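Descriptive structure summary
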Amino acid sequence: MGAGIAQVSAQAGFETIGREVSEELCETARGTIEHYVGRAVEKGKTTPEERDATLARLSFTTELSDLADCDLVIEAIVEELGPKREVFAELDRIVGPDAILASNTSAIPIHAIAEATEHPERVIGMHFFNPAPLLTLVEVIRAEKSADAALDAAFEWAERAGKQPVRANDTPGFIVNRILVPTLNECIRLLDEGITVEDLDKAMTMGVGWPMGPCALVDLVGIDIHIHAAEAMYEATGDDRAKPPERLRAMAAEGCLGRKTGRGFYDYSK
């Protein structure tokens, strides 16, 4: 997600710094972005000149301090509150007074992240959807102390980046996941009643018009990420429909996390 958001930013004309925890991961991110903008040239969706300009606007670092002059920082690290709070506390000390700090979390409460800072009014949510360069929706999320100016600036940035932003409140699951996570869980529980993965996905694509079946979607998002989002929603609401199905927990324990590991509900190793 971090590489995808960085690609969106650079393609929109913004000078963009990607921060990773190692030089190796910086090179991986750069290679991922180069691959996808190169594919866009091959498909005729952009020109070689536009590709080169996008890549020229990108730089990478392993130091948070290199983000000191950024106007907007979008965090996309692991879906765990502790690490996010640590990053936001440090960013709050580093960036300028007018900078906006946004989290791409899919379910963690924004106010819980903002509490780690001295300036919670500049902390908001900006929830992109995977893959970020292709899916246009961005949820711009208001926490209890988020300033109107920060929200308006983030909304405008998303529009300039070619996205379709919507305003959401800091409620469990925001908008999309509040509806989608329980629905996906219910779909997956049908597998325990003898429905096959293939028939389930076919039913939801051909019968409901989903662009992707629920099993293929969870594979794309990442089974571990879905579990994190479901757990956060279950803890916040107590709604049994949000509780992650045991089938997903078993798959995660086996290392079957979807596309990123080569195996989930489907086999992607070929």
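Placed above this text is the structure.
These notes cover the structure that comes with them. By convention here, each chain's residues receive numbers from 1 onward along its written sequence. Thresholds applied to this predicted model are a pLDDT of at least 70 for local features of residues and 80 or more for the giving and counting of side-chain atom pairs; totals over whole chains, interfaces and linings are not thresholded and use all residues. Side-chain calculation: all heavy atoms of the structure are included, whereas hydrogens and water are not.

Before going further, it helps to examine the packing of aromatic side chains. Each Phe, Tyr or Trp ring (for Trp, its six-membered ring) is paired with any other whose centre lies within 6.5 Å, and the angle between the two planes then decides the class: stacked below 30 degrees, edge-to-face above 60, tilted in between. In the structure shown here, the tally under the stated rule is two aromatic pairs. With centroids separated by 6.4 Å and ring planes inclined at 75°, the aromatic side chains of Phe128 and Trp157 adopt a geometry described as edge-to-face. Here the residue Phe128 occupies a position in strand β5 (residues 123-128), and Trp157 occupies one in helix α6 (residues 148-160), the gap between them amounting to 29 residues. Each residue in the set Phe14, Phe128 and Trp157 is aromatic and connected to the rest through ring pairs, giving one cluster. Directly above the ring of Phe155 sits Arg167, whose terminal nitrogen or CZ lies 4.2 Å from the centroid. Think of it this way: any DSSP run of H or I at least four residues long counts as a helix, any run of E at least two long counts as a strand, and we number them from the N terminus. Charge-over-ring contacts are defined here by two conditions on Lys NZ or Arg CZ: a distance within 6 Å of the ring centre and an angle within 35 degrees of the ring normal.

This part takes up the pairing of strand β6 (residues 137-142). Think of it this way: DSSP has to see at least two bridges between two strands before they count as a pair. Summarising the sheet, β5 and β6 pair through four bridges and their orientation is antiparallel. When the bridges of β6 are listed, Met126 appears paired with Val140. As paired strands, β6 and strand β7 (residues 164-169) are joined by six bridges and run parallel to one another. Paired with Val140 across the bridge in β7 is Arg167. Handedness of the crossover joining β6 and β7 through α6 is recorded here as right-handed. A crossover counts as right-handed when, viewed with the strands pointing away from the observer, the path leading from the first strand over the helix to the second turns clockwise.

With that out of the way, let us pick up the sheet that holds β6. The strand order β3-β4-β5-β6-β7 describes an open sheet built from five strands, whose pairing is mixed. Taken across any chain shown, the strands that pair with only one partner, and hence form the sheet edges, are β3 (72-75) and β7. Neighbour to neighbour, the strand axes of the sheet diverge by 30° on average, direction disregarded. In the sheet, β3 pairs with strand β4 (residues 100-103) via four bridges, with the strands oriented parallel. The convention used is that axes are lines fitted to C-alpha atoms, helices contributing only their stretch in contact, and that angles between N-to-C directions extend from 0 to 180 degrees.

What makes a salt bridge here is a side-chain nitrogen of Lys or Arg within 4 Å of a carboxyl oxygen of Asp or Glu, nothing more. Evaluated as defined, the whole model comprises 13 salt bridges. Between Arg189 and Glu186 there is a salt bridge, with the nearest N and O atoms lying 3.8 Å from each other. Placement of both Arg189 and Glu186 in helix α7 (residues 176-190) is noted, with a separation of three residues, approximately one turn of the helix. Classification of Arg189 as partly exposed rests on a relative accessible area of 23%. Exposure classes here rest on a 1.4 Å probe applied to the protein chains alone. A residue is buried below 20% of its type maximum, exposed above 50%, and partly exposed in between. Under the relative-accessibility criterion, Glu186 is labelled partly exposed at 45%. Two residues, Lys260 and Asp224, come together in a salt bridge whose shortest N-O distance is 2.8 Å. Placement of the pair is Lys260 in the segment after α11 (246-253) and Asp224 in helix α10 (residues 223-237), with a sequence separation of 36 residues. Here the residues in one salt-bridge network are Glu75, Glu79 and Lys84, joined through shared partners.

Now for the environment of Leu72. Locating Leu72 in the fold gives a position in strand β3. When the C-alpha atoms of Leu72 and Ala102 are compared, they prove to be 7.4 Å apart, with 30 residues separating the residues in sequence. Contacts are assigned to residue pairs that have any heavy atoms within 4.5 Å of one another. Those residues in contact with Leu72 that lie beyond four places of it in its chain are Ile100, Ala102, Met126 and Trp157.

Nonpolar side chains in soluble globular proteins tend to be buried together. Buried Ala, Val, Leu, Ile, Met, Phe, Trp, Tyr and Cys residues that are joined via side-chain atoms within 4.5 Å together make up what is termed a nonpolar core. If you look at the biggest cluster of nonpolar residues, it comprises 19 residues, and the most contacted ones within it are Leu67, Val73, Leu91, Leu101, Ile110 and Val123. Within the residue set of this core, elements represented by two or more residues are α4 (81-94) and α5 (110-114). Look past the residues within four positions of Leu67 in its chain and what remains in contact with it is Ile17, Arg19, Val73, Leu91, Ile94 and Val95. Listed in part, the 18 residues of the second largest apolar core include Ile5, Phe128, Val138 and Ala154.

Our focus in this paragraph is the packing of helix α2 (residues 23-42) against helix α3 (residues 48-56). With their axes 9 Å apart at the nearest point, α2 and α3 run at an angle of 165° to one another. Here α2 is positioned roughly antiparallel relative to α3, judged by the angle of their axes. Here α2 runs over α3; the crossing is right-handed. From α2, Ile33, Glu34, Val37, Gly38 and Val41 reach across to α3, where they touch Pro48, Arg51, Thr54 and Leu55. Put simply, Ala, Val, Leu, Ile, Met, Phe, Trp, Tyr, Cys and Pro go in the nonpolar bin, Asp, Glu, Lys and Arg in the charged bin, and everything else, Gly too, in the polar bin. In terms of residue class, the contact of α2 with α3 is made up of five nonpolar, two polar and two charged. In this scheme, roughly parallel covers angles under 35 degrees and roughly antiparallel covers those over 145, while 65 to 115 is roughly perpendicular and the rest are oblique. Crossing handedness follows the turn of the near helix against the far one: under a right angle anticlockwise gives a left-handed crossing, and clockwise gives a right-handed one.

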